[in-house]
Amino acid sequence: MPATIDSTLRDARARLAPVSDSPDIDARRLLEHVLGVSGSWLIVHARDSFDRDAHSRFEALLERRLAGEPLAYVTGRVGFWTLDLDVTADVLVPRPDTETLVEAVLEHHDAQSLRLLDLGTGSGAIALALASERPNWAITATDASKSALACAQANAERLTLDNVTFTVGPWYAPLEGELFDVIVSNPPYVAPGDLHLDAPALQHEPQAALIAEDNGLADLERIITGAPARLNAGGAIYLEHGNDQGAAVRSKLIAAGFEAVATRRDLGGNDRVTHG
Ligand code: GLN
């Protein structure tokens, strides 16, 4: 008997349960991707069978997911904010936690025109989410990785968000003489040797986007100490960091001359974003 949508999802769910926190969503996203259909199409057509070729393509992707590869890399797509972003193995998979940073910026800044800098943009998630909400802002996004920047740029083009300029280079290096009103960044902040790096998903992600020396604080430190020279008077900075790094980031910001320094929590209730 040929496989139906329902029986295929049921089988995939059972196999994914030991490796995934969301076996049902994973199975559905993989099948939507293979068949090129929406989630509601799968529900309406639950009893339909589908062809052998599509089934073997589904099986190949399922095997990758079963081996621990993040769903986003297997389908090449992930939802962030209101956007669908393409992701490659050259970029960190955008996390819902990072939407906390986007929210914080939008709450504090509603100027019509504003110059914003996103350091280490990866897939472009933060820069593009802000660009979609504030089409009049002039946004610059940098990344040390050319292939990451290519991914971000392709997302900007596909989403027709044309108020973002992309520049390759580490942190402030490519921005000689430029000044901004707001700096944002989700830099690498995981300490080398942190046990959670053993998680299968993290092992597929670019380690340079995850790990920083000095207990995970080295890049945060570089960004903070370099910020005053890049900000207009009254400028602001928003940084994502680890759940145990809030106090360290706050004191580094105060030492660099920032005022009104505060930390906010992510959806999981962990300290995640500090601004000044
Ligand atoms: N939040 C990610 C994690 O701990 C790390 C992201 C980052 O280093 N910027 O899995």
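The rules behind these values
- For every chain, the first residue of its written sequence is number 1, and the numbers climb from 1 along that sequence.
- For a predicted model such as this one, the threshold for reporting local features is a pLDDT of at least 70, and the threshold for listing and counting side-chain atom pairs is 80 or more; totals across whole chains, interfaces and linings nevertheless cover every residue.
- UniProt positions are given in the numbering used here, feature names are shortened, and annotations may be inferred rather than shown by experiment.
- Secondary structure elements are defined from DSSP: runs of H or I of at least 4 residues count as helices, runs of E of at least 2 residues count as strands, and each element is numbered from the N terminus.
- Only C-alpha atoms enter the radius of gyration; for comparison, a globular chain is expected to reach 2.2 Å times N to the power 0.38, where N is the number of residues.
- Here a residue counts as buried when 20 or more other C-beta atoms sit within 10 Å of its C-beta, as exposed when there are 12 or fewer, and as partly exposed otherwise, the C-beta atoms being derived from the backbone.
- DSSP-based pairing: two strands are paired if at least 2 bridges between them are found.
- Note on definitions: angles span 0 to 180 degrees between N-to-C directions of axes, and those axes are lines fitted to C-alpha atoms, for helices only across the stretch in contact.
- Once C-beta atoms have been placed from the backbone, residue pairs whose C-beta atoms lie within 7 Å are recorded as contacts.
- A helix is expected to span 1.5 Å multiplied by its residue count minus one.
- By convention here, the domain bounds are inherited from an automatic or database domain assignment.

- Looking at an unreviewed UniProt entry, one finds the chain named Release factor glutamine methyltransferase and attributed to Salinisphaera dokdonensis CL-ES53.
- Recorded in UniProt under Sequence similarities (unreviewed entry), the annotation for the chain is "Belongs to the protein N5-glutamine methyltransferase family. PrmC subfamily."
- As stated in UniProt under Catalytic activity (unreviewed entry), the record for the chain gives "L-glutaminyl-[peptide chain release factor] + S-adenosyl-L-methionine = N(5)-methyl-L-glutaminyl-[peptide chain release factor] + S-adenosyl-L-homocysteine + H(+)".

## Side note on the overall build of the chain
Item 1. In terms of regular secondary structure, the chain is built from 11 helices and 9 strands.
Item 2. Taken over the C-alpha trace, the chain has a radius of gyration of 20 Å; the compact-globule value for 276 residues is 19 Å, and the two agree within 12%.
Item 3. On the principal axes, the C-alpha backbone points of the chain span a range of 70 × 40 × 30 Å.
Item 4. Out of the 276 residues in the chain, the part that is buried amounts to 37%.

## With respect to the sheet that holds strand β8 (residues 262-265)
Item 1. Overall, mixed pairing links the 7 strands, which are arranged β5-β4-β3-β6-β7-β9-β8 in an open sheet. The open sheet has two edge strands with one neighbour each: β5 (164-168) and β8. If you compare each strand with its neighbour and ignore which way they point, the axes differ by 20 degrees on average.
Item 2. By the bridge criterion, 4 bridges tie strand β3 (residues 115-119) to strand β6 (residues 180-185) in an arrangement that is parallel. Bridging from a neighbouring strand, Leu-117 pairs with Ile-183 of β6.
Item 3. Strands β3, β4 (138-143), β5 and β6 of the sheet are contacted by helix α7 (residues 125-133), whose axis makes an angle of about 170 degrees with β4.

## What to know about helix α4 (residues 52-66)
Item 1. Over its 15 residues, α4 extends 20 Å from the first C-alpha to the last, a length consistent with the 21 Å expected when each residue adds 1.5 Å.
Item 2. Buried positions along α4 lie against α1 (5-16), α2 (23-35) and α5 (71-75).
Item 3. Backbone geometry just downstream of α4 places Gly-68 in the positive-phi region, at approximately 100 degrees.

## Let's talk about the UniProt feature "domain: Release factor glutamine methyltransferase N-terminal" (unreviewed entry) in the chain
Item 1. Taking the numbering used here, the UniProt-annotated feature "domain: Release factor glutamine methyltransferase N-terminal" (unreviewed entry) corresponds to residues 9-76.
Item 2. Secondary structure content for residues 9-76 is 69% helix and 0% strand, while the C-alpha to C-alpha distance between its ends is 20 Å.

## Describing the domain arrangement of the chain
Item 1. Under the domain assignment, the chain is made up of domain 1 (5-67) and domain 2 (82-275).
Item 2. One C-alpha centre belongs to domain 1, the other to domain 2; they are set 33 Å apart.

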